Amino acid sequence: MKAFQLVAQGKPGKFELREISDPAPDADEVLVRVRACGLNHLDLWVEEAGLPMPIQLPRTPGGEAAGEIIGMGKEVQGWKIGDRVAVQSNLFCGKCEFCQRGEESMCLFGQLLGVQVDGGFAEKVVVPARNVARLPETVAFETSAALTLAGSTAMHMLTNRAQVKKGDWVLVIGAASGVGSAAIQIAKESGGRVITTASSEAKRELAKKLGADSVLDSGDAGWPAEARKITGRRGVELVIEHAGGELLLKCFECLARGGTIVTCGATAGREVNLNLWPLFVKQQRLVGSYGRNRADLEKTLEWAAAGKLKPVIDKIFPLAEAGKAFAKLRARQVMGKVVVKSG
Ligand SMILES: [Zn+2]
């Protein structure tokens, strides 16, 4: 089969479309014919050696895969050849104390698809059967590839790590990102009022189309003050952010008393100087979020099938041109998601 593999890390890294042997499923694994796979910032970190873990090369990146089951090990039950599936990128063990209580995002033995094991930028991928979810008939492979990772990340942040409520003011950082575009839709669908940030006119237009009530220019240093003004100076109840660094501190400037910031990333910096005085005086929360639980993924697919959560797809590249998808995301020219189609 063909696989788009990283052969040397760097910025940019060196990729090759290689012909490799088909992966063989173990007793508890399924072999999936990949139809589409979404690209995420995580893939860029794999490319540029930006993760605090060694990556074995060559490595096939891609965590957001969707396709059909074409083979399985002898212990697999409940699935048949031809079933349409979405792969849960945080491969969980299913046995540890967290998995047993439905908190697969905290799995003690979790592995990331496309990071520690070969991922979906290939014609085929093997994963444990417990890590695939049924893809509703009405949800296209491309839709799944654009929603399962970022969409379920946002679902986990807004409905599990925090609970968005009707009437809440929600600040979503980065409207045009995968997580941001999904978070806006989930917050609105849950009855929230959304303020969001975006760096260009085109991205701000997209934010309005997604239903945001107020869209701020992230290039304007005064945006936190503007957010406070919109909320009648009281601040927002909930912030959904994935940038970290100085941007995280800016989010505290527009957080209401008792408000919560949920963060799931640190693309803008992993260390911050946080002033704890206002944090405890205003009784605010800073909550970490990582990956998603099984239930978050299933809810994301249900919402997609019901038309409540729509993907924002910027461009679809064929597998042979996956390198262009990496370049586009690296250049920060993506509105929503880029997806790689492998047949
Ligand atoms: Zn586990």
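For the structure, check the block above.
Starting afresh in each chain, residues are numbered from 1 along the sequence in its written order. Whole-chain, interface and lining totals are the exception, using all residues; otherwise, since this is a predicted model, local features are given only for residues with pLDDT of at least 70 and side-chain atom pairs are given and counted only at 80 or more. The side-chain quantities take in all heavy atoms of the structure and omit both hydrogens and water.

Visitor: I tried to follow the coordination of the zinc ion on my own but got confused; where do I start?
Guide: By definition of the ideal shapes, a tetrahedral metal site with four donors has angles of 109.5 degrees and an octahedral site with six donors has angles of 90 or 180 degrees. In this analysis a donor is any N, O or S atom within 2.8 Å of a metal ion (3.2 Å for sodium, potassium and calcium), and since water is not included, sites may seem incomplete. Taken together, C93 (SG), C96 (SG), C99 (SG) and C107 (SG) make up the protein donors of the zinc ion, found 2.3 to 2.4 Å from the metal. Every geometry call rests on angle ranges, with four donors termed tetrahedral when all angles are between 85 and 135 degrees, four termed square planar and six termed octahedral when opposite donors are over 155 degrees apart and all others are between 65 and 115, and everything else termed irregular. Given 4 donor atoms and angles of 103 to 117° at the metal, the environment of the zinc ion is assigned as tetrahedral. Read in sequence order, the donor residues coordinating the zinc ion give the pattern C-x2-C-x2-C-x7-C. In this pair, C93 sits in the loop between β6 (90-91) and α2 (97-100) while C107 sits in the loop between α2 and β7 (111-112), placing the two residues 14 residues apart along the sequence. Throughout this description, buried means an accessible area under 20% of the type-specific maximum (1.4 Å probe, protein chains only), exposed means over 50%, and partly exposed covers the range between. C93 gets classed as buried once you look at its relative accessible area, which sits at 14%. Helix numbers and strand numbers start at the N terminus; a helix is a DSSP run of H or I with at least 4 residues, a strand a run of E with at least 2.

Visitor: Whenever I open this one, helix α11 (residues 322-330) confuses me. Can you help?
Guide: Since one α-helical turn is 3.6 residues long, residues separated by three or four positions face the same way. Within the sequence span of α11, burial applies to A322, A325, F326, K328 and L329. An end-on view of α11 places all buried positions within 165° of arc, on one side of the element. Downstream of α11 by one or two residues, R332 has phi in the positive range, about 55°. The reported arc concerns the directions from the helix axis to the C-beta atoms and nothing else.

Visitor: Looking at this structure, how should I read the pattern of salt bridges?
Guide: Opposite charge on two side chains makes pairing possible when the charged atoms of those side chains draw close. Only one rule defines a salt bridge in this text: a Lys or Arg side-chain nitrogen within 4 Å of an Asp or Glu carboxyl oxygen. Under the definition given, this model contains 24 salt bridges. Residue K337 pairs with E64 through a salt bridge whose shortest N-O separation is 2.6 Å. Note that K337 is positioned in strand β17 (residues 337-341) and E64 in strand β4 (residues 64-72), a separation of 273 residues in sequence. Comparing K337 with E64, the two get one shared label, buried. The partner of D83 in a salt bridge is K80, and the shortest N-O contact between them spans 3.0 Å. In this structure D83 comes out as buried when scored by relative accessible area, which is 6%.

Visitor: Sorry if this is basic, but what is going on with the nonpolar core here?
Guide: One recurring pattern in soluble globular proteins: nonpolar side chains tend to sit buried together. The definition of a nonpolar core used throughout is a set of buried Ala, Val, Leu, Ile, Met, Phe, Trp, Tyr and Cys residues joined through side-chain atoms within 4.5 Å. Judged by nonpolar contacts, the single largest core of 44 residues is most densely connected at L158, V170, I184, L238 and I240. Among the elements of the structure, α3 (141-147), α4 (150-161), β10 (169-172), α5 (178-189), β11 (193-198), α6 (201-209), β13 (236-241) and α10 (294-305) are those that each provide at least two residues to this core. Residue contacts are counted whenever heavy atoms from the two residues lie within 4.5 Å of one another. Ignoring sequence-local partners within four residues, the contact set of I184 consists of V172, A175, V194, T196, A207, L210, G211 and A212. In terms of nonpolar packing, the next biggest core, distinct from the first, is built from 37 residues, V30, W45, I55 and L329 among them.

Visitor: Teacher, can you tell me more about the packing of helix α7 (residues 223-230) against helix α8 (residues 245-253) here?
Guide: Two quantities define a packed helix pair, namely the angle between the helix axes and the distance between the axes. Only the stretch in contact is used when a helix axis is fitted, and all axes are lines through C-alpha atoms; the angle between N-to-C directions ranges over 0 to 180 degrees. It is at 9 Å that the axes of α7 and α8 come closest, and there the two elements cross at 30°. Taken as axis vectors, α7 and α8 run roughly parallel relative to one another. Between α7 and α8 lies a crossing whose hand is right-handed. Between α7 and α8, the contacting residues are W223, P224 and R228 on the first element and L247, K250 and E253 on the second. Under the scheme applied here, ten amino acids are nonpolar (Ala, Val, Leu, Ile, Met, Phe, Trp, Tyr, Cys and Pro), four are charged (Asp, Glu, Lys and Arg), and all others, including Gly, are polar. Among the residues making up the contact of α7 with α8, the classes are represented as 3 nonpolar, no polar and 3 charged. Here the word oblique covers every angle except those under 35 degrees (roughly parallel), over 145 (roughly antiparallel) and from 65 to 115 (roughly perpendicular). By definition, turning the near helix anticlockwise from the far helix through less than a right angle yields a left-handed crossing, and turning it clockwise yields a right-handed one.

Visitor: Hey, could you run me through a nonpolar patch on the surface in this one?
Guide: Among the surface-exposed residues, L276, W277, F280 and V281 lie close enough to one another that they form a single nonpolar patch of about 450 Å² accessible area. Inspection of the secondary structure puts W277 in helix α9 (residues 276-281). By relative accessible area, W277 is classed as exposed at 59%. A patch consists of residues exposed above 30% relative accessible area that lack any salt bridge, with like charges linked at up to 9 Å and nonpolar side chains (Val, Leu, Ile, Met, Phe, Trp, Tyr) linked at up to 5 Å. Methods summary: accessible areas were calculated by the Shrake-Rupley approach with a probe of 1.4 Å, and residue burial reflects only the protein chains presented.

Visitor: Sorry, what's going on with the environment of G259 here?
Guide: Turning to its location among the elements, G259 is positioned in strand β14 (residues 255-263). Placed 254 residues apart in sequence, G259 and Q5 show a C-alpha to C-alpha distance of 43 Å. Setting aside residues no more than four positions away along its own chain, G259 makes contact with V236, E237, Q283, Q284 and R285.

Visitor: So what exactly am I meant to see when it comes to unusual backbone geometry here?
Guide: Here the residue pair K11 and P12 is connected by a cis peptide bond, since its omega of 10° sits within 30 degrees of zero. Assignment of secondary structure puts P12 in the loop between β1 (2-8) and β2 (14-19). The phi angle at R233 is positive, at roughly 75°, despite the residue not being glycine. Judged by relative accessible area, which is 53%, R233 ranks as exposed. The residue R332 is not glycine, and still its phi comes out positive at about 55°. Take R332: it is sitting in the loop between α11 and β17.

Visitor: Sorry if this is basic, but what is going on with the pairing of β14 here?
Guide: Counted residue by residue, β14 has 7 buried out of 9 residues, so it is predominantly covered. The rule for pairing is simple: two strands pair if DSSP sees at least two bridges between them. The pairing of β13 with β14 spans 5 bridges and is parallel. Directly across from E241, in β14, lies its bridge partner T263. Orient the strands so they point away from the viewer; a crossover is then right-handed if the path from the first strand over the helix to the second runs clockwise. Crossover handedness for the path β13 to α8 to β14: right-handed. Of the strand pairs in this sheet, β14 and strand β15 (residues 285-288) are connected by 4 bridges, and their pairing is parallel. Paired with T260 across the two strands is R285, which belongs to β15.

Visitor: Would you mind showing me how to read the state of the cysteines here?
Guide: Put plainly, two cysteines are in a disulfide when a covalent bond ties their sulfur atoms together. Note on terminology: pairs of cysteine sulfur atoms within 2.5 Å are recorded as disulfides. Going through the model one piece at a time under the given rule, you end up with 0 disulfides. C254 supplies the cysteine sulfur nearest to C251, a cysteine that is in no disulfide, at a spacing of 5.9 Å.

None of this, on its own, says anything about what the molecule does.
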